[in-house]
Amino acid sequence: MMLRHNRCDGAGARVIELENVAYSYGGGELLSDISVKLAPGSFHFLTGPSGAGKTTLLKLCYGALLPSAGYVRLFQTDVRSLERDDVAQLRRKIGVVHQDVQFLDHLSVTDNVALPLTVSGRHAEAAGPDLAELMNWVGLSNRAEALPAELSGGERQRAALARAVIMSPDIVLADEPTGNIDWEMSQRLLTLLVELNRMGKTVLIATHDLSLIRAAKAQVQARVLRISNRRVQLAGADL
Amino acid sequence: MTFNFKSLRRLISGDPYAGRVVPPSGFTAQLTLFASGAMAFLAVFALALSLASGRLAERWGNELAGTATIRIVAPQDQRAQQTAAALRVLETTPGVARARALTNAEQQALLAPWFGSDLPLDSLPVPRLIEITSTGAGFDATGLRLRLAAEVPGAILDDHGRWRAPLVAAAQRLRLLGWVAAALIVAAVAAMVTLAANAALAANAQVVAVLRLVGATDSYIALAFVRRFTWRALVGSSVGVIVGLVAVWVLPSGGEAPGFLTGLGFQGVGWFVPLALPLVCAAVALAATAFAASRALRSLS
């Protein structure tokens, strides 16, 4: 399978590091003095009430937004020092799954899943067997030629996860990945994310679904970060 | 966004996978094709006008520059004597290759369109005409006038300058006008493609967002649009040029009769000049789309 196992580079290495980060929008400060370090192979949840800034923090973590203050380092590189195309190259090492998954509606599910390969100049045909295995892993083998509009909510989330991991990224970020799907499907998705973490991928999931966090903690050693009053703190053992 | 030689090579070599990331857009595609074709068609006529004007200016210049005329306006009994004197002066004038007095029959033929062919020239005070053909270097018109004034009082030299200069200037202006019209048409293609590319990028904002999410660089995204618009401009303008050339070719030639409108068209290698238009249109579309994409992608960030 194309998902290769990652090797941890030691305790000191950080794949994502936010240092005293602030983010302002529309004149107000949404996030303030955030310092977070994600080690390779770690599993984190990011929780907090709606509007607390979970999605914003996630976007800062893959360079879609730049901080108003402080430093965001991806793979030890300050994102502010990078050109736009360099950020795009770096983003290929980070798989992202959004709650409102966006696909290219005119392409089939397989073509959408293979999109990261396409934009990086590697053609889907070359990854044929691996791509088929990936589609099988997320349970979409029988929907490969369907258009995105023909998929259910759960199928769309699994297709998004397949697209996020097709480049075998070091980090997988998921923003409310179970927001639009039922419990059974969300458990299936969580299982896939836990499997990815066991392969050595760093996983960060933004969610307000506490039952999902509890279910995950039963399977994997996960830390929970809570956003409250514009700041991030480590959640207690009650979760 | 950087658009460099590597991008250009990718554009020419093509990438069937990359081309598919932008959704097909039927109606706007047809409009771009049509507008490029129509512009190229008009540009063919502008070039035809310009090249025809250039030929006309050259012909008028050449035909009139090498000749001059002397009119002998003298009483009937002195006309032959003054004509002979003028011819003698011309024989010793540097720069005059040939000089001869027009015969009665030739003068009659010149006046026939106005007075008919049975005009009694001998009984009318019609000046005798001497036709001068100059050498390549030409003669000194001022010096010749002074000599004629001294030796042949009835001789008036007309070096055609007052006819030639405005005609040649008008033809040259017309040639310039043709080139300006062609340049404006190409500029209109650039404006049209820029607008179309802007509209396409704005309409595909979600596509751009998805492509960025999966790690596409701005140059990759821009190239997908640039390729599409360049191809449309190339195909549209090629069709326009072919139709334009056929239209010019079937224009009535007017035979041997001199005339400007009947001479509108291409001659010799001139037929190959419009063939450069599709390449020019494609290059303009490439630059316009790259510019529009660069601006649009910055604003979409």
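Source: prediction; values computed, not measured. (Residues numbered from 1 in each chain as written. Chains lettered and ligands numbered in written order. Predicted model: local features only at pLDDT ≥ 70, side-chain atom pairs only at ≥ 80, totals over all residues. Heavy atoms only, no water.)

## Some words on the overall build of chain A
Our working definition: Put simply, DSSP H or I for four residues or longer makes a helix, DSSP E for two residues or longer makes a strand, and each gets a number counted from the N terminus. Here the globule rule is a power law, 2.2 Å times the number of residues to the power 0.38, and the radius of gyration is based on C-alpha atoms. Note on definitions: a residue-residue contact is assigned when non-hydrogen atoms from the two residues lie within 4.5 Å.
Summing up its helical and strand segments, chain A has 8 helices and 10 strands in all. Relative to its length of 239 residues, chain A is compact, with a C-alpha radius of gyration of 17 Å against a globular reference of 18 Å. Dimensions of chain A, computed from the C-alpha atoms along their principal axes, are close to 45 × 40 × 40 Å. Partitioning the contacts of chain A with sequence separation of at least 6, the portion at a separation of at least 24 is 72%.

## Comments concerning the environment of A:Glu155
All names here are of chain A. Its place among the elements puts Glu155 in helix α6 (residues 153-165). Counting along the chain gives 46 residues from Glu155 to Val109, while the straight-line C-alpha distance between them is 9.9 Å. If near-sequence neighbours (up to four positions away) are discounted, Glu155 is found in contact with Leu140, Arg143 and Glu150.

## Remarks on the pairing of strand β10 (residues 231-234) of chain A
Just so we agree on the cut-off: Note: two strands are recorded as paired if DSSP finds a minimum of 2 bridges between them.
In the sheet, strand β9 (residues 223-228) of chain A pairs with β10(A) via 4 bridges, with the strands oriented antiparallel. Opposite A:Leu225, over in β10(A), you have A:Leu234 as the bridge partner.

## Side note on unusual backbone geometry
Despite not being glycine, A:Asp33 shows a phi value in the positive range, around 50°. The topology assignment puts A:Asp33 in strand β2 (residues 28-38).

## Considerations on the sheet that holds strand β1 (residues 67-72) of chain B
Strand pairs in the sheet, formed through backbone hydrogen bonds, run parallel or antiparallel to each other. All names here are of chain B. Note the following rule: To define axes, lines are fitted to C-alpha atoms, for helices over the stretch in contact only, and angles between the resulting N-to-C directions are given on a 0 to 180 degree scale.
Taking strand neighbours across the sheet as the criterion, the 4 strands line up as β2-β3-β1-β4 in an open arrangement whose pairing is antiparallel. The two strands at the open ends of the sheet, each matched to only one other strand, are β2 (96-101) and β4 (155-158). Ignoring strand direction, the axes of neighbouring strands in this sheet form an average angle of 20°. Pairing between β1 and strand β3 (residues 128-134): 6 bridges, direction antiparallel. Within β3, the position partnered with Ala68 by the bridge is Ile132. Sheet strands touched by helix α5 (residues 141-151): β1 and β4. Its angle to β4, the strand with the most contacts, is close to 170°.

## Things to note about the interface of chain B and chain A
Just so we agree on the cut-off: Defined here as a combined quantity, buried area equals the accessible surface (1.4 Å probe) lost by two parts on assembly, summed across both. Each salt bridge in this description consists of a side-chain nitrogen of Lys or Arg and a carboxyl oxygen of Asp or Glu lying within 4 Å of one another. Within 3.5 Å is the distance limit for a polar contact, defined as a pair of N or O atoms, with the added protein rule that one can donate a hydrogen and the other accept it, and that residues adjacent in sequence qualify only through two side-chain atoms. The nonpolar class holds Ala, Val, Leu, Ile, Met, Phe, Trp, Tyr, Cys and Pro. Asp, Glu, Lys and Arg form the charged class, and all remaining residues, Gly among them, are polar.
Each partner contributes residues to the interface: chain B has 26 residues there, and chain A has 22 residues. For the chain B and chain A pair, buried surface summed over both sides reaches about 2,100 Å², with 58% attributable to carbon and sulfur atoms. Between the two partners, chain B and chain A, sit 2 salt bridges. The shortest N-O distance in the salt bridge between B:Arg20 and A:Asp111 comes to 2.4 Å. Inspection of the region where chain B meets chain A yields 8 residue pairs in polar contact (both at pLDDT 80 or more). Going through the elements one at a time, α7 (205-213), α8 (218-249) and α9 (277-299) of chain B are the ones with two or more residues in the side of chain B that touches chain A. Per-element tally for the side of chain B that touches chain A: the top contributor is α7(B), with 7 residues. A breakdown of the residues in the side of chain B that touches chain A according to their chemical character gives 15 nonpolar, 6 polar and 5 charged.

## Some thoughts on the side chain of B:Thr217
Assignment of secondary structure puts B:Thr217 in the loop between α7 and α8. A distance of 3.3 Å separates the side chain of B:Thr217 from the side chain of B:Ser219, its partner in a polar contact. B:Thr217 has contacts with A:Asp85, A:Ala88, A:Gln89 and A:Arg92, leaving out every residue within four places of it along the chain.

## Thoughts on the sheet that holds strand β7 (residues 171-175) of chain A
Residue and element names in this part refer to chain A. Within the open sheet, the 6 strands sit side by side as β6-β7-β8-β3-β9-β10. Their pairing is mixed. One side of each edge strand has no neighbouring strand; the edge strands of this open sheet are β6 (94-97) and β10. Along the sheet, successive strands turn relative to each other by an average axial angle of 20°, direction set aside. This element, helix α1 (residues 54-61), spans β3 (43-47), β6, β7, β8 (202-206), β9 and β10 of the sheet and lies at about 155° to β7. Sheet strands in contact with helix α8 (residues 210-217) are β3 and β9, and its direction is about 165° off that of β3.

## Considering the pattern of salt bridges
Stated precisely, the cut-off is as follows: Exposure classes here rest on a 1.4 Å probe applied to the protein chains alone. A residue is buried below 20% of its type maximum, exposed above 50%, and partly exposed in between.
Applying the stated criterion to the full structure yields 12 salt bridges over all chains. In this structure, B:Asp218 and A:Arg84 form a salt bridge, with 2.5 Å as the shortest nitrogen-oxygen distance. In this pair, B:Asp218 is assigned in helix α8 and A:Arg84 in helix α2 (residues 84-91), connecting two distinct chains. The exposure class of A:Arg84 is partly exposed, given its relative accessible area of 37%. When the shortest N-O distance is used, the salt bridge between A:Glu155 and A:Arg143 registers 3.4 Å. A residue pair is termed long-range when its members are at least 10 positions apart, and A:Glu155 in helix α6 and A:Arg143 in the loop between α5 (128-137) and α6 qualify at 12 residues. Here A:Arg143 falls in the partly exposed class, since its relative accessible area comes to 23%.

## Comments concerning the side chain of A:Lys54
Residue and element names in this part refer to chain A. Examined against the element boundaries, Lys54 turns out to sit in helix α1. Take Lys54: its relative accessible area is 6%, and that puts it in the buried class. If we ignore the near neighbours within four places in the chain, the residues touching Lys54 are Leu46, Thr47, Gly48, Pro49, Glu176, Ala206, Thr207, His208 and Ile227.

## Overview of the packing of aromatic side chains
For the record, the criterion: Between 30 and 60 degrees the pair is tilted, below 30 it is stacked and above 60 it is edge-to-face, where a pair is any two Phe, Tyr or Trp rings, Trp via its six-membered ring, whose centres lie within 6.5 Å. We call a charge positioned above a ring when the Lys NZ or Arg CZ atom is no farther than 6 Å from the ring centre and deviates by at most 35 degrees from the ring normal.
Tallying each qualifying case throughout the model produces 3 aromatic pairs over all chains. Seen in terms of ring centroids, A:Phe43 and A:Phe45 are 5.4 Å apart; in terms of plane orientation they differ by 50°. Their pairing is tilted. Pair check on accessibility: A:Phe43 and A:Phe45 agree, each one buried. Here the guanidinium or amino end of A:Lys93 rests over the ring plane of A:Phe75, the centre of that ring lying 4.3 Å away. A cation over an aromatic ring shows up here: B:Arg232 above the ring of B:Phe229, its NZ or CZ 4.9 Å from the ring centre.

## Points about a nonpolar patch on the surface
Threshold: The residues that make up patches have over 30% relative accessible area and no salt bridge, and they are joined within 9 Å when like-charged or within 5 Å when they are Val, Leu, Ile, Met, Phe, Trp or Tyr. Only the protein chains shown count as cover for residues, with accessible areas throughout obtained via the Shrake-Rupley method and a probe of 1.4 Å.
On the surface, a cluster of nonpolar side chains totalling about 380 Å² of accessible area is made up of B:Trp231, B:Val235, B:Val239 and B:Val243. Looking at the element boundaries, B:Val243 is found in helix α8.

## Considerations on the nonpolar core
The condition is simple: We call a set of buried residues a nonpolar core when its members are Ala, Val, Leu, Ile, Met, Phe, Trp, Tyr or Cys and they connect through side-chain atoms within 4.5 Å of each other.
Counting residues in hydrophobic clusters, the biggest one holds 47 residues, and the most contacted among them are A:Phe43, A:Phe45, A:Val113, A:Trp137, A:Leu161, A:Ile166 and A:Leu196. If one sorts the elements of this core by residue count, helix α7 (residues 183-198) of chain A sits on top with 7 residues. One finds A:Val119, B:Val207, B:Val214 and B:Val284 within the second-largest nonpolar core, a separate group that totals 36 residues.

## Quick word on the packing of helix α3 (residues 79-91) of chain B against α5(B)
All names here are of chain B. What counts is decided by this rule: For any pair of crossing helices, the crossing counts as left-handed if the nearer helix is rotated counterclockwise from the farther one by less than a right angle, and right-handed if it is rotated clockwise.
Across the interface, α3 lies against α5 with an axial gap of 10 Å and an inter-helix angle of 145°. In this structure, the crossing between α3 and α5 has a hand that is right-handed. Residue-level contacts link Ala86, Val89 and Leu90 of α3 to Leu144, Arg147, Leu148 and Glu151 of α5.

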